[in-house]
Amino acid sequence: GTEMDQAKTRYATFAELYRYCYHVASCVGLVVLPIFGYKDQAALVPAEACGIAFQLTNILRDVREDAQLGRVYLPSEDLQRFGVSEDDIMNGRETPQFKELMKFEADRAREYYRKAEPLIGMISPDSRGTLAVMMGIYGGILDKIVAEDFAVFNGKIRLSKWEKWRIVMRNWRRR
């Protein structure tokens with residue numbers, strides 16, 4: 001995944017982007033999964049989805065920052081589908097088409113969160129709170145991106161300490 005970041009700055013299709021997300025995020029989740037205490041190999045599927053959801057959230061949050069580094073992680077096929085040019089991304093143009101593209105990508109990320117949700121019940125009860133908090137924080141970032149109408153060119157959208165604290169309190173004791 002790190003090597004891909006050094007060599008590749010564009011992704012033509014979602015299949016290519018998925019491969020990148022798998023390498024930079026899902027692999028981490030799969031490595032950590034034994035620490036979380038799973039017993040059923042079926043946990044590998046939602047664990048992979050969880051990594052994809054987290055990385056897609058990062059990509060949506062970091063559109064501006066990545067463009068400043070000469071990178072566009074949003075798939076070219078999606079840019080074309082919604083009528084968004086690479087130049088729009090590189091120059092931070094928040095067009096109606098860009099917002100539609102971002103809504104599409106946010107919905108895609110939400111689908112991966114939905115696929116990841118069963119993982120919480122598939123790991124050790126002692127680890128469920130940690131995973132639920134992680135999913136809550138990343139999902140909360142995605143929700144805030146949507147709530148702020150995809151204003152990612154205005155600066156990095158973050159959760160406040162208070163928002164994170166509420167997520168921790170709501171999820172920590174999850175069993």
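To keep things clear, this report deals only with the structure shown in the data block. (Residues numbered from 1 in each chain as written. Predicted model: local features only at pLDDT ≥ 70, side-chain atom pairs only at ≥ 80, totals over all residues. Heavy atoms only, no water.)

This brings us to helix α7 (residues 96-116). Here α7 is 21 residues long and its end C-alpha atoms lie 30 Å apart, about the 30 Å a rise of 1.5 Å per residue gives. Burial in α7 covers these residues: F98, L101, M102, E105, A106, R108, A109, Y112, Y113 and A116. End-on, the buried residues of α7 take up no more than an arc of 155 degrees, which puts them together on one face. Turned more than 90 degrees off the buried face of α7, the exposed positions are P96 and R114. (Helix = DSSP H or I, 4+ residues; strand = E, 2+ residues; numbered from the N terminus. Expected span 1.5 Å × (residues − 1). Buried < 20%, exposed > 50% of the residue type's maximum accessible area, 1.4 Å probe, protein only. Arc of directions from axis to C-beta.)

This next bit is on the nonpolar core. The nonpolar side chains of a soluble globular protein tend to be buried with one another. Grouped together as the largest cluster of nonpolar side chains are 50 residues, with contacts concentrated most on L17, L56, L74 and I89. Looking at this core, the elements with two or more residues in it are α2 (14-36), α3 (44-61), α4 (63-68), α5 (76-82), α7, α8 (119-122) and α9 (125-147). For this core, the leading source of residues is α3, giving nine residues. L74 has contacts with Y11, I59, L60, V63, L79, I89, L101, M102 and E105, leaving out every residue within four places of it along the chain. (Core = buried A, V, L, I, M, F, W, Y, C linked by side-chain atoms within 4.5 Å. Contact = heavy atoms within 4.5 Å.)

Our focus in this paragraph is the pattern of salt bridges. With the rule as written, the count across this model stands at 15 salt bridges. Measuring nitrogen to oxygen at the nearest pair gives 3.3 Å for the salt bridge that ties K8 to E16. The exposure class of K8 is partly exposed, given its relative accessible area of 29%. Given the relative accessible area of 30%, E16 is considered partly exposed. A salt bridge links K144 to E163; its shortest N-O distance comes to 2.9 Å. Taken as a pair, K144 in helix α9 and E163 in helix α10 (residues 161-171) lie far apart in primary sequence, 19 residues in all. A relative accessible area of 18% places K144 in the buried class. Residue classification places E163 among the partly exposed residues on the basis of a relative accessible area of 25%. (Salt bridge = Lys/Arg side-chain N within 4 Å of Asp/Glu carboxyl O.)

What follows is about unusual backbone geometry. Positive phi outside glycine occurs at D149, with the angle close to 55 degrees. Structurally, D149 can be placed in the loop between α9 and α10. Phi at F150 is positive, roughly 60 degrees, even though this residue is not glycine. Position of F150 among the secondary structure elements: in the loop between α9 and α10. With relative accessibility at 6%, the residue F150 sits in the buried group.

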